[in-house]
Amino acid sequence: MRYVSTRGQAPHVGFVDAVLGGLAPDGGLYVPQAWPLLRREEIAGFAGKPYAEVAARVIGAFAEGEIAAADLRQMCAEAYATFTHAAVVPLTQLSPQVFLAELFHGPSLAFKDVAMQILARLYDHFLGDQGRVQTILCATSGDTGGAAVEAFRGRKNVRVVALFPEGRISEVQRRFMTTASEANVACVAVKGSFDDCQAIVKAAFQDESLRQAVDLSGVNSINFARIAAQSVYYFTTAVALGAPEREVSFAVPSGNFGDAFAGFVAREMGLPIGRILVATNANDILAQTFQTGRYARGKVHPTISPAMDIQSASNFERLYFEAVERQGTETARAFEAFAQAGTIDLPPQAAAYMRHVFLGASTSEKDTARTILSTLNETGELVDPHTAVALSALARAKDFKGPVVALSTAHPAKFPEAVAAACGLTPSLPRGVADLSAKPERFDRLPAEADTIKAYVRAFAGA
Ligand SMILES: *Cc1c(COP(=O)(O)O)cnc(C)c1O
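Below, the structure is looked at part by part. Predicted model only: the values in this text are computed from it and were never measured.

So, the overall build of the protein
Consideration 1: Of the regular secondary structure elements, the protein holds 19 helices and 15 strands.
Consideration 2: Computed over C-alpha atoms, the radius of gyration of the protein comes to 20 Å, within 12% of the 23 Å expected from 2.2 N^0.38 for 463 residues, which places it in the range of a compact globule.
Consideration 3: In terms of principal-axis extent, the alpha carbons of the protein reach across some 55 × 50 × 50 Å.
Consideration 4: Within the protein, the fraction of its 463 residues that count as buried is 63%.
Consideration 5: Of the roughly 16,600 Å² that the protein leaves accessible, carbon and sulfur atoms contribute 50%.
Consideration 6: If you average the places of the 43 positive and of the 47 negative side-chain charges in the protein, the two averages end up 1 Å apart.

Following this line, the structure appears as structure tokens:
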């Protein structure tokens, strides 16, 4: 499988280079040259299979010819053995047609573990083969950092620098990063927003000298392997609910648009997905885009669903590229203009293409809290604020037929204050991580300046 850049100027690469390279050298994101298609009978055959087996098949479709099938099966088996639920991503029924996909049974209690656990094993495999040590620079709105640290701590071929916006993430989220004692992990509290952190990562990637000096790599959802790994649970959950015989829809709490885009990928691969509801908090750039056809960056508002406090959704570029019939020059023009002006007016055919699959809705803080309470009262389930954003959007959405899966992206115990304020119950951490608050923390504080952070990365990598 060959990978092309959404901006059309970078050389085509294979899966290994697309994964290890992160952002393409022309500033675009890698996507497969063509979407692999799974036969209907094969999709039907996923019913009842172990999660890791389905993962090996779906991820394998993107890595054809570059990883031996037996190696990938082994990596998937190990990655998903770190989850504490035997189903890996179990479904819970909330009402006759609404189901929750619990994506939070991994080591850092957020859905980011689903992709990061397999990604770390792919890195080990590829870098070990090449005798390389890479530096992963990662911006986190809260959960990516914890999942990356959990997945990469102590690994020989990788160092991790995690940048998080100071004071904008929950204490539990922070502790999943800062309590790692391994020397290959560095955490930095940046005085700014997540968008600032993400812009710094992009600047670092565009600095060719730094890139070479530290062998820079990225595990944000700009990394296509994460998208591939996230498309797996669309298959397992939809098939459990009757696909491919019946269409299943999804409601996805969204920030950087990686998770929702993974649903689009599963659909392109042949899974009969009806609609994908992109649910945002007050940072509603994506919801607005699907409603109005205008992608326009606003100010970032801190909310009780901080992993979605994002106003510049990296993966939207991948959808845009599809919507303009894969014209790299047009995608480059639009996103270079966006970097300057902060807006893109979608061409009408592109907007129509997107609306065929996606719809958007945003939820206020008050409604997020109310939904936590009403879900508890009506179903006995305690949900985290991100999941509540999706459930609130779903309650208002009209044109859904058939079963809908709401992705439950974090364990409620990652956001105990917000959950307790909403419903009076304080969720407790699962047994395996209950000692998190007793461990010492270790992190540095830096201003939101690309040059300062680039120097820090160089020093950490000993370059
Ligand atoms: C990262 C995250 C999201 C948003 O996912 P995207 O792929 O960035 O859209 C939603 N909920 C939680 C808990 C997250 O950690």
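Quick notes on the nonpolar core
Consideration 1: Grouped together as the largest cluster of nonpolar side chains are 106 residues, with contacts concentrated most on Tyr 80, Phe 152, Phe 257 and Phe 316.
Consideration 2: Those residues in contact with Tyr 80 that lie beyond four places of it in its chain are Tyr 51, Ala 52, Ala 55, Val 88, Val 114, Ile 118 and Ala 229.
Consideration 3: Residues Leu 23, Val 161, Cys 197 and Ala 461 belong to the second largest nonpolar core, which totals 25 residues.

Some details on the environment of Leu 277
Consideration 1: Relative to the elements of secondary structure, Leu 277 occurs in strand S10 (residues 273–280).
Consideration 2: On a C-alpha basis, the gap between Leu 277 and Ile 310 in space is 17 Å, while along the polypeptide they are 33 residues apart.
Consideration 3: Once you skip the residues sitting within four places of it in the chain, Leu 277 turns out to touch Phe 250, Ala 251, Val 252, Leu 359, Gly 360, Ala 361, Ala 393, Leu 394, Ala 397 and Phe 400.

Some remarks on the pattern of salt bridges
Consideration 1: In the structure shown here, the tally under the stated rule is 21 salt bridges.
Consideration 2: Note that Asp 215 and Arg 132 form a salt bridge whose closest N and O atoms lie 2.7 Å from each other. A residue pair is termed long-range when its members are at least 10 positions apart, and Asp 215 in the loop between helix H9 (208–214) and strand S8 (216–217) and Arg 132 in the loop between helix H5 (112–130) and strand S5 (134–139) qualify at 83 residues.
Consideration 3: A salt bridge links Arg 326 to Glu 322; the shortest N-O distance between them is 2.8 Å.
Consideration 4: With a relative accessible area of 8%, Glu 322 lands in the buried category.

Let's talk about empty space enclosed by the protein
Consideration 1: As enumerated under the stated definition, the model contains three cavities of 30 Å³ or more in all.
Consideration 2: Taken as a whole, the largest cavity spans an internal volume of roughly 250 Å³.
Consideration 3: Taken together, 24 residues make up the lining of the largest cavity; nearest its centre are Phe 111, Lys 112, Gly 255, Asn 256 and Ala 307.
Consideration 4: It is helix H11 (residues 258–268) that contributes the most residues to the lining of the largest cavity, three residues altogether.

Some details on H11
Consideration 1: Within H11, nine of the 11 residues are buried, leaving the element largely enclosed by the surrounding structure.
Consideration 2: All of the buried residues in H11 are Gly 258, Asp 259, Ala 260, Phe 261, Ala 262, Gly 263, Phe 264, Val 265 and Ala 266.
Consideration 3: Count one or two residues on from H11 and you reach Gly 270, which has phi positive near 115°.

A short note on the site of the ligand
Consideration 1: In the vicinity of the ligand, 15 residues are found, and the nearest of them are Lys 112, Asp 143, Gly 255, Asn 256 and Thr 409.
Consideration 2: Within the contact set of the ligand, an oxygen atom lies 2.8 Å away from a backbone nitrogen or oxygen of Gly 255.
Consideration 3: In this structure, Phe 257 approaches the ligand through a main-chain N or O atom, which is 2.9 Å from an oxygen atom.
Consideration 4: In the complex, the protein chains occlude 98% of the 380 Å² of accessible area that the ligand would expose alone.
Consideration 5: With respect to the pocket detection grid, the ligand is positioned in the largest cavity.
Consideration 6: Among the residues making up the shell around the ligand, the classes are represented as six nonpolar, six polar and three charged.

Here's the deal with the sheet that holds S8
Consideration 1: Strand order in the open sheet made by the five strands is S8-S5-S6-S7-S15, with parallel pairing throughout. This sheet does not close on itself; its edge strands, each paired only once, are S8 and strand S15 (444–447).
Consideration 2: As paired elements, S5 and S8 share two bridges and run parallel to each other. Within S8, the residue paired with Ile 136 across the bridge is Ser 217.
Consideration 3: Taken strand by strand, helix H8 (residues 194–205) contacts S5, strand S6 (158–165), strand S7 (185–191) and S8, and its axis lies near 150° from that of S5.

Some details on the layout of surface pockets
Consideration 1: One number sums up the size of the largest pocket: a volume of about 460 Å³.
Consideration 2: Lining the largest pocket are 18 residues; nearest its centre among them are Lys 202, Arg 297, Ser 312, Phe 338 and Ala 339.
Consideration 3: Only H8 and helix H14 (328–341) provide two or more residues apiece to the lining of the largest pocket.
Consideration 4: Looking at the lining of the largest pocket element by element, the count peaks at five residues for H8.
Consideration 5: Split by residue class, the lining of the largest pocket holds six nonpolar, five polar and seven charged.

Calculation criteria
Residues numbered from 1 in each chain as written. Predicted model: local features only at pLDDT ≥ 70, side-chain atom pairs only at ≥ 80, totals over all residues. Heavy atoms only, no water. Helix = DSSP H or I, 4+ residues; strand = E, 2+ residues; numbered from the N terminus. Rg over C-alpha atoms; globule rule 2.2 N^0.38 Å. Buried < 20%, exposed > 50% of the residue type's maximum accessible area, 1.4 Å probe, protein only. Areas by Shrake-Rupley, 256 points an atom, 1.4 Å probe, with all protein chains shown as cover. Lys, Arg positive; Asp, Glu negative; His and termini not counted. Charge placed at Lys NZ, Arg CZ, Asp CG, Glu CD. Core = buried A, V, L, I, M, F, W, Y, C linked by side-chain atoms within 4.5 Å. Contact = heavy atoms within 4.5 Å. Salt bridge = Lys/Arg side-chain N within 4 Å of Asp/Glu carboxyl O. 1 Å grid on protein atoms, 1.4 Å probe; cavity = no way out; pocket = protein on both sides within 12 Å on 5 of 7 lines; lining within 4 Å. Points joined across faces, edges and corners; volume = space filled by probe spheres on them. Near = heavy atom within 4 Å. Polar contact = N/O pair within 3.5 Å; in protein donor to acceptor, adjacent residues only side chain to side chain. Sits in = over half its atoms within 2 Å of the grid points. Nonpolar A, V, L, I, M, F, W, Y, C, P; charged D, E, K, R; others polar. Pairing = 2+ DSSP bridges. Axes fitted to C-alpha atoms, helices over the stretch in contact; angles between N-to-C directions.

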